[in-house]
Amino acid sequence: MKSLHLLFVVLSLGSFLGRVALAQFRPDMLELKWVKIAPHVLSGLLLLTGFSLAFGYTGDHGWIAAKLVALIGYVGLGVLAIKRTDVTRWYAFGGALLLFVYIARVAVTKTIF
Ligand code: HEM
């Protein structure tokens, strides 16, 4: 289950990077049906594998809560990075990537700082 979770971590990061690139260079392609649907399928599977790992996890759960809070920030900044067309896009993009690294770090170290 963990390797499945990691697979969806990589795929959803890839889909986020891909959509930011499209938003910048080919915004018309963001209107394609599969481009709209695929990221939701990937994030859904990421959440599903994450929660099923979380239910089987017997240690301290504080870091999982931190992961979820950071995930909300990551999604929010990710949306901004795709929707904004001015320089805000790049601040949001940088922030989203930092939060992504934080989420992965929290998962590996199981500590929130
Ligand atoms: C952007 C989103 C996410 C990223 C980047 C991410 C990253 C990771 C990474 C790198 C690991 C492997 C840690 C290790 O092997 O030491 C992991 C494991 C795990 N993740 Fe996620 N994850 C994300 C979302 C979630 C969500 C939404 C949940 C559930 C609420 C979750 C719960 C878990 C759990 C419980 C483990 C297993 C820890 C263990 O048994 O060692 N993750 N995650």
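Residues numbered from 1 in each chain as written. Predicted model: local features only at pLDDT ≥ 70, side-chain atom pairs only at ≥ 80, totals over all residues.

(A) Fine view of the overall build of the protein. Helices and strands together make up the secondary structure of the protein, namely 4 helices and 0 strands. When the helices and strands of the protein are read in sequence order from the N terminus, they spell out α-α-α-α. Relative to the compact-globule value of 13 Å for 113 residues, the protein shows a C-alpha radius of gyration of 15 Å, a close match. Dimensions of the protein along its principal axes, counting C-alpha atoms only, are 45 × 30 × 15 Å. When burial is assessed residue by residue, the protein has 17% of its 113 residues classed as buried. (Helix = DSSP H or I, 4+ residues; strand = E, 2+ residues; numbered from the N terminus. Rg over C-alpha atoms; globule rule 2.2 N^0.38 Å. Buried ≥ 20, exposed ≤ 12 C-beta atoms within 10 Å, placed from the backbone.)

(B) The arrangement of helix H1 (residues 2–25) in detail. With 24 residues, H1 should cover 34 Å at 1.5 Å per step; its first-to-last C-alpha distance of 34 Å lies within 8% of that length. Among all positions in H1, only Phe 8, Ser 12 and Phe 16 are buried. (Expected span 1.5 Å × (residues − 1).)

(C) Seen up close, the nonpolar core. Residues Ala 70, Tyr 74, Leu 77, Ala 81, Ile 82, Ala 92, Phe 93, Ala 96, Leu 99, Phe 100 and Ile 103 constitute the largest nonpolar core, which totals 11 residues. Secondary structure elements with two or more residues in this core: helix H3 (62–83) and helix H4 (88–109). By residue number, the principal contributor to this core is H4, which donates 6 residues. Sequence-distant contacts of Leu 77, that is, excluding residues within four places in its chain, are made with Ala 92, Gly 95, Ala 96 and Leu 99. (Core = buried A, V, L, I, M, F, W, Y, C linked by C-beta atoms within 7 Å. Contact = placed C-beta atoms within 7 Å.)

(D) Quick look at the site of the ligand. Gly 50, Leu 53, Ala 54, Ile 103 and Ala 107 are the nearest of the 21 residues found near the ligand. Examining the composition of the shell around the ligand, we find that 6 residues originate from one element, helix H2 (residues 33–56), more than from any other. Along the lines of polarity and charge, the residues of the shell around the ligand split into 17 nonpolar, 2 polar and 2 charged. (Near = placed C-beta within 6 Å. Nonpolar A, V, L, I, M, F, W, Y, C, P; charged D, E, K, R; others polar.)

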